[in-house]
Amino acid sequence: MELATYLSILLFLAIFLISYVIYSLISEILFFRSKKILHLGNSYLTAFYYMTFKSKSMWELVHVAYTKTRQANVPIAGNFEMGLVNYFIPDLTILKHILVKDFDHFVNRRAITIPKSDLLTKKMLFFMYDEPWKALRSKLSPTFTTGKIKRFFALFNASAKKLVDYIDAQTEGEVDLVAAYSKFTTDTIASAVCGMDSCAFEQKEHSVFERMGQKLQFSFNLGMITRFVVMSCFPGIAERGMTIFGDEVSAFFGGGIKSLIRERTQTGRKGNDFIQLMMEARENKLAKTEDSELESFERDAVIKGEVKGQVADLLDDDGIVSNCVLFIVAGYDTTQSLLLFCAYALAIHPEIQDKLRTVVDEGLEESGGDFTYEGINQMTYLDMVINETLRFYPPAPTMDRRCTQDYAVPGTDVVIKKGDGIMVPVLGIHHDERYYSEPEKFDPERFSPENKGKINQYAFLPFGQGPRNCIGMRFALMEVKLAIAQLVHNFDIEPSKRTPIPMEYQNAGSLMPKGGMWLSLKRRPGTLQD
Ligand code: HEM
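Scoring rules and cut-offs
- Throughout, a residue's number is its position along its own chain's written sequence, starting from 1.
- In keeping with the model being predicted, local features are shown solely for residues with a pLDDT of at least 70 and side-chain atom pairs are shown and tallied solely at 80 or more, while totals for entire chains, interfaces and linings include all residues.
- Side-chain numbers come from the whole structure's heavy atoms, not from hydrogens or water.
- We define a nonpolar core as any set of buried Ala, Val, Leu, Ile, Met, Phe, Trp, Tyr and Cys residues linked to one another through side-chain atoms lying within 4.5 Å.
- Burial status follows relative accessibility: with a 1.4 Å probe on protein chains alone, a residue under 20% of its type maximum counts as buried, one over 50% as exposed, and anything between as partly exposed.
- Segments assigned H or I by DSSP are reported as helices when at least four residues long, segments assigned E as strands when at least two residues long, and all are numbered from the N terminus.
- Any pair of residues with heavy atoms lying within 4.5 Å of one another is described as a contacting pair.
- A donor here means any N, O or S atom no more than 2.8 Å from the metal (3.2 Å for Na, K and Ca); water is not included, so a site may seem to lack partners.
- Working definition: residue near molecule or strand if any one of its non-hydrogen atoms lies within 4 Å of it.
- For this scheme, ten residues count as nonpolar: Ala, Val, Leu, Ile, Met, Phe, Trp, Tyr, Cys and Pro. Four count as charged, namely Asp, Glu, Lys and Arg, and the remainder, Gly too, count as polar.
- UniProt positions are given in the numbering used here, feature names are shortened, and annotations may be inferred rather than shown by experiment.
- Paired strands, in this sense, are two strands between which DSSP finds at least two bridges.
- Interaxial angles span 0 to 180 degrees and are taken between N-to-C directions of axes, which are lines fitted to C-alpha atoms, for helices over the stretch in contact.

*Asks:* Describe the nonpolar core, listing the residues and the values that go with them.
*Replies:* Residues Tyr87, Ile167, Leu177, Tyr181, Phe253 and Ile484 are the most contacted members of the largest nonpolar core, which totals 161 residues. Sort the elements by how many residues they give to this core and helix 15 (residues 317-348) lands first, with 19 residues. Ignoring any residue separated from it by four or fewer positions in sequence, one finds Tyr181 in contact with Leu163, Gln336, Leu339, Leu340, Ala343, Ile484 and Leu487.

*Asks:* Residues and numbers for the coordination of the iron atom of the ligand, please.
*Replies:* From the protein, the iron atom of the ligand takes a single donor atom, Cys470 (SG), 2.3 Å away. Checked against the element boundaries, Cys470 lands in the loop between helix 19 (426-430) and helix 20 (473-490).

*Asks:* If you had to explain the site of the ligand to someone new, which residues and values would you point to?
*Replies:* Of all residues adjacent to the ligand, which total 28 residues, the nearest are Arg109, Trp133, Arg137, Arg401 and Cys470. Mapped onto the shell around the ligand, the elements with two or more residues apiece are helix 5 (130-140), helix 15, strand 5 (399-402) and helix 20. In terms of residue count, the dominant contributor to the shell around the ligand is helix 15 (seven residues). Taken together, the residues that form the shell around the ligand break down as 17 nonpolar, seven polar and four charged.

*Asks:* Describe the UniProt feature "transmembrane region" (unreviewed entry) in the chain, naming the residues involved and giving the relevant values.
*Replies:* The UniProt feature table records "transmembrane region" (unreviewed entry) at residues 6-26. The span residues 6-26 is 100% helix and 0% strand, and its two end C-alpha atoms sit 30 Å from each other.

*Asks:* Before we move on, can you summarise the sheet that holds strand 4 (residues 175-176) with the specific residues and values?
*Replies:* Pairing within the open sheet is antiparallel, and its three strands lie in the order 4-10-9. One side of each edge strand has no neighbouring strand; the edge strands of this open sheet are strand 4 and strand 9 (491-495). In terms of strand pairing, strand 9 meets strand 10 (residues 518-523) through five bridges, oriented antiparallel. For Ile493, the partnering residue across the bridge sits in strand 10 and is Leu521. In this fold helix 20 packs onto strand 9 and strand 10, with an angle of close to 90° to the strand it touches most, strand 9.

As structure tokens, this is what we get:
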């Protein structure tokens, strides 16, 4: 091809692209203007501008959008995302309707359509819609009750002790807690979800489970973005064998979990893990939790009305594989994020750390020198510190829904159409001075027994709200409380030269520090675990 022809084609394509971008931008602006809704700007151009010229992460970008809505004092704003109308909702009354009261209009997430050939994700609760989601969620809820989580306590404690030894062996002044907590969450998840020993602490290099577990993370690399785009825009192509996490991971988890199910079915042997709980759930052997046992967060999560979906093939062996993998994915990054920011907050607030240590040490003595489930639950100040960390650094800074039936937003003229998306700006709400006085102050006292009743429940959304909330909350909180109790009991935590102050975030699926979480950890002499 001649150079001139080649250049003409390039020029034509460039003009076409620029015209398309301008056309899309104008249509987007006109769309929101006609509805009298604050337009947040084109999501791609805004992302490009802030990430390139202002070095902001995607989470700070969502915060910029939140500030815009606060300044304009509007209950709802919007933009387009991947061709989808996306409503950004900072108003707590509207959120209460969307997440709980009118949940039947917002049962689904904005999730992509998963190819039926992808073993690891095709039956994940997270990606399920409508009646099948309701059926599966109703089946899985009893696997996360207090009694079941209590059974995992000994596993969590064993992993927390390995964590202490691991950190102790590292201490050369400063430690990057990202690696330590990655091993800890891998270890707890491997044993609680699949009854496997991850060997994460035993090996200097990453163990196989750790390596495979890390490949299960949603990240914003080119490969994963491309797969998501193909799955969203060209589901037909995705159906020809495309998987989200790749074949090696599919073979590892798919093969391992299925052979465990087979072995248990043949021998009758039982395990203390989610595989076992799901096998019992599919045989209807798990008792339904009584309403009287539920806290308000869980009562709001109860699915109202008759559940029509059939669960039989959702929890077959493939279904157990998909949902084991979901628990590994959902519980890894989020839990690690909470642990990291809690350690960070304690390092930069020594007075809070001292108070927490006194509570933990006293509790430990009362329970005879080792942590117990009941003892950890009685540490009110530990609960307050974790809650304040979840407010200040929510591991999931946004969450979403998709509208399933046209919906007139109460108190406004806005009608959200079927198929439109909703974004809930959790991070922004958690730092809004309308709901928290001095929101930029890290203050666990907000969550003291006297004060916590004053917080609007829709202004505290670390685990979401309503029937689609986080099913693993109890699991995560117990695991994190134990690990933090072990940390403050065994170490003095201080900032080091490399500690990021102020904090900067990376572009990751959960809120994560940029460049690691370096802290100085000094072993306390005479600790009970010595
Ligand atoms: C600190 C740790 C965690 C945080 C902050 C967290 C947060 C969240 C949030 C915000 C959601 C969406 C809720 C909504 O849309 O209303 C969610 C969903 C979910 N989480 Fe968690 N999570 C954590 C740990 C876990 C763990 C340990 C598990 C499992 C063992 C888990 C399993 C799930 C599942 C299965 C869903 C989807 C529920 C559904 O679609 O019905 N999470 N989580």
